[in-house]
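Fold and contact review
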Amino acid sequence: MDSIATTANKSELRQLIRQRKRQHTPQQLHELSEQLTQQLLNHPRMAEAHTVMLYYALPDEVDTRQLINTLVRQGKTILLPAVVSDTEMVLRHYQSAVDLREGAYHIMEPCGELYTAYEDIPLAIIPGMAFTRQGHRLGRGKGYYDRLLPKLKSAYTIGLCFPFQLLDHIPIGPYDQPVGEVIAGQSQIFGIMHG
């Protein structure tokens, strides 16, 4: 792994990941996204889950849009986060593209019914700028997911990222929340939290 990835601070790591993303064409990222979301679709936790928290991908994230619509067709309850303040996200139901509007940071967000039974969510798929094999996560720096994840008391959490977003080391602070597993390529990588 790159020496910068073991000694860099969070800001430097985010810059490293942005550089790596720019080295891939949109077509390459699309093909990687299809492989990763198919792996997620075949995951035993996905088969068992009646309700799934996902994210509606930004252009530089693993594209989840097709996966979301596939899961809706399977009859699963899909929840997407919506930013409501500088510090907080809420979860809303998603049933189709008409449930989306452009929200904070130009992210397409759900405007469906508010969901509040966080403790009933069995599976949550989490984006990140980078992950480690141990489940540590590097976000975009706003802390939204670090505040949301402790509320998902029953959820098995899976980080989803491109292979080049997997790092050997990420600096961890007291409020950083790990995920239980990371899907970043051909194999699942189990982290430090198993539920």
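Looking at the environment of Gln19
Tracing the chain through its elements places Gln19 in helix α2 (residues 10-22). Residue classification places Gln19 among the partly exposed residues on the basis of a relative accessible area of 38%. With 163 residues separating them along the chain, Gln19 and Val182 place their C-alpha atoms 21 Å apart.

Considerations on the confidence of the model for the protein chain
Across the protein chain, pLDDT averages 88, with 90% of residues at or above 70. Here strand β13 (residues 188-190) stands out as the element of the protein chain with the lowest mean pLDDT, 53, in contrast to strand β1 (residues 51-53), whose mean of 98 is the highest.

Re the packing of helix α3 (residues 26-41) against helix α5 (residues 65-73)
Axes are the key here: two packed helices are described by the angle between their axes and the distance separating the axes. Packing of α3 against α5 leaves a shortest axis separation of 9 Å and a crossing angle of 30 degrees. As summarised for this structure, α3 and α5 are arranged roughly parallel, according to the angle between their axes. Like other packed secondary-structure pairs, α3 and α5 cross with a definite hand, here right-handed. Residues Glu34, Thr37, Leu40 and Leu41 of α3 pack against Gln66, Leu67, Thr70 and Leu71 of α5.

Details of the pairing of strand β2 (residues 77-83)
The element β2 is largely enclosed, with a buried count of 6 among its 7 residues. Viewed along the sheet, the connection from β1 through α5 into β2 turns out right-handed. Following β2, the chain reverses through 5 residues before pairing antiparallel with strand β3 (residues 89-94).

Notes on the pattern of salt bridges
For the coordinates displayed, the defined rule picks out 7 salt bridges. Among the ionic contacts, a cluster of salt bridges with common partners joins Lys21, Asp60, Glu61 and Arg140.

Concerning the nonpolar core
Met53, Leu54, Leu91, Ile125 and Leu152 are the most contacted members of the largest nonpolar core, which has 50 residues in total. Broken down by element, this core gets its largest block of residues, 5 residues, from β2. Excluding residues within four positions of it along the chain, Leu91 makes contact with Met53, Leu79, Leu80, Pro81, Glu113, Leu114, Tyr115, Tyr118, Ile121, Leu148 and Leu152. Judged by nonpolar contacts, the second largest core, of 9 residues, contains Leu13, Leu16, Met129 and Leu138.

Here's the deal with α2
Under the 1.5 Å per step criterion, the end-to-end length of α2 is 19 Å for 13 residues, consistent within 8% with the ideal 18 Å. Within α2 the residues assigned to the buried category are Leu13, Arg14, Leu16, Ile17, Arg20 and Lys21. Buried positions in α2, seen along its axis, are confined to an arc of 160 degrees and lie on one side of it. Two or three places before Ser11, at the opening of α2, Asn9 has a side-chain oxygen 3.1 Å from that residue's backbone nitrogen.

Quick notes on the pairing of strand β7 (residues 123-126)
Burial of β7 is two-sided: the residues Leu123 and Ile125 facing one way and the residues Ala124 and Ile126 facing the other way are all buried. Pairing of β1 with β7, which is carried by 2 bridges, proceeds in the parallel orientation. Across the sheet, residue Met53 finds its bridge partner in β7, namely Ala124. As defined by bridge partners, β7 adjoins strand β10 (residues 156-160) across 4 bridges and the pair is classed as parallel. In the sheet register, Ile125 faces β10, and the bridge partner there is Ile158.

Rules of the game
- Residues numbered from 1 in each chain as written.
- Predicted model: local features only at pLDDT ≥ 70, side-chain atom pairs only at ≥ 80, totals over all residues.
- Heavy atoms only, no water.
- Helix = DSSP H or I, 4+ residues; strand = E, 2+ residues; numbered from the N terminus.
- Buried < 20%, exposed > 50% of the residue type's maximum accessible area, 1.4 Å probe, protein only.
- pLDDT = per-residue confidence, 0-100.
- Axes fitted to C-alpha atoms, helices over the stretch in contact; angles between N-to-C directions.
- Parallel < 35°, antiparallel > 145°, perpendicular 65-115°, else oblique.
- Left-handed = near helix turned anticlockwise from the far one by under 90°.
- Contact = heavy atoms within 4.5 Å.
- Right-handed = clockwise from strand over helix to strand, strands pointing away.
- Pairing = 2+ DSSP bridges.
- Salt bridge = Lys/Arg side-chain N within 4 Å of Asp/Glu carboxyl O.
- Core = buried A, V, L, I, M, F, W, Y, C linked by side-chain atoms within 4.5 Å.
- Expected span 1.5 Å × (residues − 1).
- Arc of directions from axis to C-beta.
- Polar contact = N/O pair within 3.5 Å; in protein donor to acceptor, adjacent residues only side chain to side chain.

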